[in-house]
Amino acid sequence: MSHAVTEKLMGQSHVVGLPSDPPKQNLFQISPPEVVFQNFDTRGVSEMALSLTNVGKIAQMVKVCMESSPYFQLACPSDVYHIVPPGASAPVRIRFSPDENKDYSHELTCIMAKEKIVVPIRAIGARAILDFPAQVDFSECPVKHSTQKTLLVRNVGNRTAHYQLSTQSPFSVVPTAGTLGAGDTMQVTVTFHALTNGEHFGSLCCNTGREIRLPLCLRGKGQGPLVELSSPTLNLGNVFVYTPYVYEVELINQGALDAPFTYIPSTTNVDFCFTVEPEQGMIAPGGTQTVQISFHTTVLGSFEEKFQFSVAGSPTPVILTIRGSVTGPNLHFDLPELDFGDISFGFPYTQRCRLTNCSMVPVTFKLRMSDDGTQPAVDSLDQIRKEGDPSWRKGIHFYVEPREFTMNPSQGTILPQGHQDIEVTLCSNTVMEFYRRLLVDLEGFGEGVASVVITARCLVPELQVSSPVLLYDECHLKVPYERKILIRNPSHLPGCYGLIPQKRKEDSPVLYSSPKPCGIVQPQSTAEIPVVVEVQALGTHRTNVVIGVFGDERNPLGAQGQGFCRGKQAQAAGEKDRRDGGHKQLLP
């Protein structure tokens, strides 16, 4: 059977068997496993005891020995065997007599029949212990600017500390070396001087000669010029094209350093619509700089643009976002609809409206009517001047659709916030119901930017002949007699009429004509058509007279002339009667 050897490991006694032996339990238990002298007095002798306990079942013999030392001695003779019964303990007393307050070490050896136990002996002398915080955090500090923090350090040990302090850039420490008595305090100043932006880390190692404590962690963040905008976003909303605008924002220096700034022009199309003033400058710490932004564009549509201001010493620019929507001039009519109601064929009717320019720029406008023709319409005043015109029998002939609407003025310029009164005249040559739009085109902006609805209903009034028979009784041959045809208009619209010329032949027995064949009859009124009749042959005669209605040429009015001629020659008195109108009226 091989011997077991107890060796010192991590300051405690430990039994190690030979490699061929299985692990086995110690026969003795040593308490304490290590002898430590603390807070000793160099002017006297200190003593500590340990016990050897036989944990076996039979009595064991043990020899306690210790190498010669001027500082440590056994209270009992060395190299003496002791018999320890099972379960019993044997005390061993150790004396320590130091000559100075420092660290000491020694060993006590216990030898049994089959094992050896080594007990460490230590004496801990006075210590210098400096009390530092675990971390110093400078947080955010201006770059190229020194920021200091003062620490209160106390020597909580029982010995004067001879220290050395050191750190790394961008941190520095004062003092770097010195002494601090036990129980005394001192001030240590740590300085953070960052040359660049961002996080910086370091450590403060404190060396007191005997021990090097865990390093003090240092942290700081370098902060360049800190410039912010009074508002990071400028929302212009709806702005008018061709209209100049001026806005203001403020650059605010929130940092502790002067902030030189420069505007960085963009290359987008929208950027050319903006002017920034000033484009560069210097903002003192805590100061502000008002920046004027002028805007003027000729392009319609929405936009969003980012404007950048570079700040020296700052890694990122200050960004201002400007968004908005450019709209065209805002024009509107003062009413949603112009309703002409019922109108009469060929008669002009006028309605009025007002077009207002709500924008801040002048606009040049041009008015047009949707679905209107190009050939001028014919009104009743023009028609009644066309005596004997075929249009009384066949109607108006248009090569293209008639232009029935006219606007006055049809074009012009409206000043900013101004208005233009407009007259819209409708002279219809079409029997129909109208639903049209008056459209506004703006030069340089677009067509149909504003509109108003036009409604109307064109009718032809039903005119009537008061007496369909024109009597001229007994008359002389080839002597003209004047009679009157009465045209009655029972409707609420004016009408236009015209006597259709007689188709004369060589053997026509009766000739008729009118000095005023055309005219206008007002609503609920009566009009007269003077008719001159001249008999060309003897006998009783009947002649049809045709009267056209403007707009309803396919349904002309009719009258019949009846009379008897004996063949008498014309008398002077008869001439007088004709001139004086002394003959009997033909329309009773």
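See the structure above.
*Asks:* Which parts of the structure should I look at to understand the packing of aromatic side chains?
*Replies:* Aromatic ring pairs are reported here in terms of the distance separating the ring centres and the angle at which the planes meet. Within the structure shown, the criterion is met by 21 aromatic pairs. Both rings, one in F274 and one in F303, keep their centres 6.0 Å apart while their planes meet at 65°; by these two values the pair is edge-to-face. You can see F274 sitting in strand β25 (residues 274–277) and its partner F303 sitting in strand β28 (residues 301–311), a full 29 residues away along the chain. Note on F274: relative accessible area 9%, which makes it buried. Through successive ring pairs, a cluster of aromatic residues spans F261, Y263, F274, F295, F303, F307 and F309. The residue whose ring lies beneath K149 is F138, and the NZ or CZ to ring-centre distance is 5.7 Å.

*Asks:* Just checking my understanding: could you explain the environment of F405 for this structure?
*Replies:* Mapped onto the secondary structure, F405 falls in strand β36 (residues 405–408). The buried category is assigned to F405, whose relative accessible area is 2%. For the pair F405 and A377, spaced 28 residues apart in sequence, the C-alpha to C-alpha distance is 8.5 Å. Filtering out sequence-adjacent residues up to four positions away, F405 remains in contact with M369, D372, V424, T425, L426, F434, R436 and I454.

*Asks:* Help me understand the nonpolar core in this model?
*Replies:* Nonpolar side chains in soluble globular proteins tend to be buried together. Counting 56 residues, the largest nonpolar core has F333, V424, L438, I487 and I547 as the members making the most contacts within it. Discounting chain neighbours no more than four positions away, the residues touching F333 are C353, R354, L355, I422, L438, V440, A450, S451 and V452. Membership of the second largest hydrophobic core comes to 29 residues, among which are L229, I283, V311 and V326.

*Asks:* Honestly, the sheet that holds strand β30 (residues 331–333) in this entry has me stumped. Any pointers?
*Replies:* One key point about sheets: their strands pair by backbone hydrogen bonds, in either a parallel or an antiparallel sense. Taken in spatial order, the four strands line up as β30-β32-β38-β36 in an open sheet, and their pairing is antiparallel. Every other strand in the sheet has two partners, leaving β30 and β36 as the edge strands with one partner each. When the angles between neighbouring strand axes are averaged without regard to direction, this sheet yields 25°. In this structure, β30 lies alongside strand β32 (residues 348–357), joined through three bridges in antiparallel fashion. By the bridge assignment for β32, F333 is matched with L355.

*Asks:* Looking at this structure, how should I read the side chain of N429?
*Replies:* Examined against the element boundaries, N429 turns out to sit in the loop between β38 (419–427) and β39 (433–442). Given the relative accessible area of 9%, N429 is considered buried. Of note is the side chain of N429, whose polar atom sits 2.6 Å from the backbone nitrogen of V378. If we skip the residues at most four places from it in the chain, N429 touches F345, G346, A377, V378, I396, F398, E404 and F550.

*Asks:* Help me understand unusual backbone geometry, please; the structure alone is not making it clear to me.
*Replies:* Comment: phi is negative for the bulk of residues other than glycine, and the bulk of peptide bonds are trans. The linkage connecting S169 with the following residue, P170, adopts the cis geometry, with an omega of 10°. Mapped onto the elements, P170 comes out in the loop between β15 (161–166) and β16 (171–174). The linkage connecting V174 with the following residue, P175, adopts the cis geometry, with an omega of 0°. Here P175 is to be found in the loop between β16 and β17 (177–180). Positive phi, normally seen in glycine, also occurs at K144, with a value near 60°. Along the polypeptide, K144 turns up in the loop between β13 (135–142) and β14 (146–155). A positive phi angle, close to 60°, is found at Q417, a residue other than glycine.

Conventions used here
- Residues numbered from 1 in each chain as written.
- Predicted model: local features only at pLDDT ≥ 70, side-chain atom pairs only at ≥ 80, totals over all residues.
- Heavy atoms only, no water.
- Phe/Tyr/Trp six-rings, centres within 6.5 Å; stacked < 30°, edge-to-face > 60°.
- Helix = DSSP H or I, 4+ residues; strand = E, 2+ residues; numbered from the N terminus.
- Buried < 20%, exposed > 50% of the residue type's maximum accessible area, 1.4 Å probe, protein only.
- Lys NZ or Arg CZ within 6 Å of the ring centre and 35° of its normal.
- Contact = heavy atoms within 4.5 Å.
- Core = buried A, V, L, I, M, F, W, Y, C linked by side-chain atoms within 4.5 Å.
- Pairing = 2+ DSSP bridges.
- Axes fitted to C-alpha atoms, helices over the stretch in contact; angles between N-to-C directions.
- Polar contact = N/O pair within 3.5 Å; in protein donor to acceptor, adjacent residues only side chain to side chain.

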